[in-house]
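Read off the chains here:
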Amino acid sequence: CFWTRTVPSPGFPDRLQPRLSTAGASTNVGTLATDVGDFTTLLLDINPTLTVAGYPNTWTQYTVTLSGLPPSTTGRFGFRYFVTNGGPSGANSDYIGIDTVEHVSAAPPTATPTNTPVPLSLIHISEPTRPY
């Protein structure tokens, strides 16, 4: 989860895309302004239609839940501020703040004991090895 906001009275639209890369320690974000590099998994898109009032102007908490990843997955999270026609010469974008980013791992699944009886024919009892 994380908190974010824009300016109190936005004059332009803002947009944020938390993204995931499952490429280990990769820092590949691409080479063009529209590239995502290895951060191909879009986790959330805040204000994708770029409306002026579409991004919160007070601190707002967002939570993203990941599921379906193999247990051995390693990667990185990234925050992509993605506003077309933005910047000092553009017609869009103020600025945003991001605060208190937390990653909480889910507890690993626990084994569920079963009370299934094992037939005697499946039990192998061996005699301990004796030194001679």
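Residues numbered from 1 in each chain as written. Predicted model: local features only at pLDDT ≥ 70, side-chain atom pairs only at ≥ 80, totals over all residues. Heavy atoms only, no water.

**Q** Help me understand the overall build of the protein, please; the structure alone is not making it clear to me.
**A** When you go through the protein residue by residue, the secondary structure sums to 0 helices and 6 strands. Mapped from its N terminus to its C terminus, the protein presents α and β elements in the order β-β-β-β-β-β. With 132 residues in all, the protein has 23% of them scored as buried. In the structure as shown, the protein presents an accessible area of about 9600 Å², 58% of it carried by carbon and sulfur atoms. (Helix = DSSP H or I, 4+ residues; strand = E, 2+ residues; numbered from the N terminus. Buried < 20%, exposed > 50% of the residue type's maximum accessible area, 1.4 Å probe, protein only. Areas by Shrake-Rupley, 256 points an atom, 1.4 Å probe, with all protein chains shown as cover.)

**Q** Sorry, what's going on with the sheet that holds strand 1 (residues 2–6) here?
**A** As a general point, the strands of a sheet are linked pairwise by backbone hydrogen bonds and lie either parallel or antiparallel. Taken in spatial order, the 3 strands of this open sheet run 4-1-6, and their pairing is antiparallel. Each edge of the sheet is formed by a strand with only one pairing partner; in this case those strands are strand 4 (60–62) and strand 6 (96–99). Direction aside, the axes of adjacent strands within the sheet are offset by 30° on average. For strand 1 and strand 4, the ladder comprises 3 bridges, and the chain directions are antiparallel. The residue bridging Thr-4 from the neighbouring strand is Thr-60, located in strand 4. (Pairing = 2+ DSSP bridges. Axes fitted to C-alpha atoms, helices over the stretch in contact; angles between N-to-C directions.)

**Q** Can you walk me through a nonpolar patch on the surface in this structure?
**A** A surface patch of nonpolar side chains, about 250 Å² in accessible area, is lined by Leu-66, Leu-69 and Phe-77. Note on Leu-66: relative accessible area 34%, which makes it partly exposed. (Patch = residues over 30% accessible without salt bridge, like charges linked within 9 Å, V, L, I, M, F, W, Y side chains within 5 Å. Salt bridge = Lys/Arg side-chain N within 4 Å of Asp/Glu carboxyl O.)

**Q** Help me understand the environment of Thr-41, please; the structure alone is not making it clear to me.
**A** Topologically, Thr-41 is positioned in strand 3 (residues 41–42). Among the residues examined, Thr-41 registers a relative accessible area of 34% and is labelled partly exposed. Apart from the residues lying within four places of it in its own chain, the contact partners of Thr-41 are Pro-18, Arg-19 and Leu-20. (Contact = heavy atoms within 4.5 Å.)

**Q** Even after reading the chapter, I still don't get unusual backbone geometry, so can you show me in this structure?
**A** Across the chain, the bulk of peptide bonds are trans and the bulk of non-glycine residues have phi less than zero. At Leu-50, a position not held by glycine, the phi torsion is positive, near 55°. Mapped onto the secondary structure, Leu-50 falls in the loop between strand 3 and strand 4. Phi at Thr-100 is positive, roughly 50°, even though this residue is not glycine. Mapped onto the elements, Thr-100 comes out in the segment after strand 6.

**Q** Hey, could you run me through the nonpolar core in this one?
**A** If you look at the biggest cluster of nonpolar residues, it comprises 5 residues: Phe-2, Leu-16, Ile-46, Tyr-55 and Tyr-62. Residues within four places of Phe-2 in sequence aside, it is in contact with Leu-16, Pro-18, Leu-44, Ile-46, Thr-60, Gln-61, Tyr-62, Phe-79, Ile-98, Asp-99, Thr-100 and Val-101. (Core = buried A, V, L, I, M, F, W, Y, C linked by side-chain atoms within 4.5 Å.)

**Q** Teacher, can you tell me more about the sheet that holds strand 5 (residues 76–81) here?
**A** In spatial order, the strands read 3-2-5; together these 3 strands make up an open sheet with antiparallel pairing. Because the sheet does not close on itself, it has two edges, and the strands there are strand 3 and strand 5. Note: strand 2 (residues 16–21) against strand 5, 6 bridges, orientation antiparallel. Counterpart to Arg-19 in the pairing with strand 5 is Gly-78.

**Q** Hey, could you run me through the pattern of salt bridges in this one?
**A** For side chains bearing opposite charge, pairing can occur when the charged atoms are close. Following the criterion strictly, the structure yields 1 salt bridge and no others. Here Arg-15 makes a salt bridge to Asp-45, at a shortest N to O gap of 2.9 Å. Taken together, the positions of Arg-15 in the loop between strand 1 and strand 2 and Asp-45 in the loop between strand 3 and strand 4 put the pair 30 residues apart, joining distant regions of the chain. What makes Asp-45 partly exposed here is its relative accessible area of 23%.

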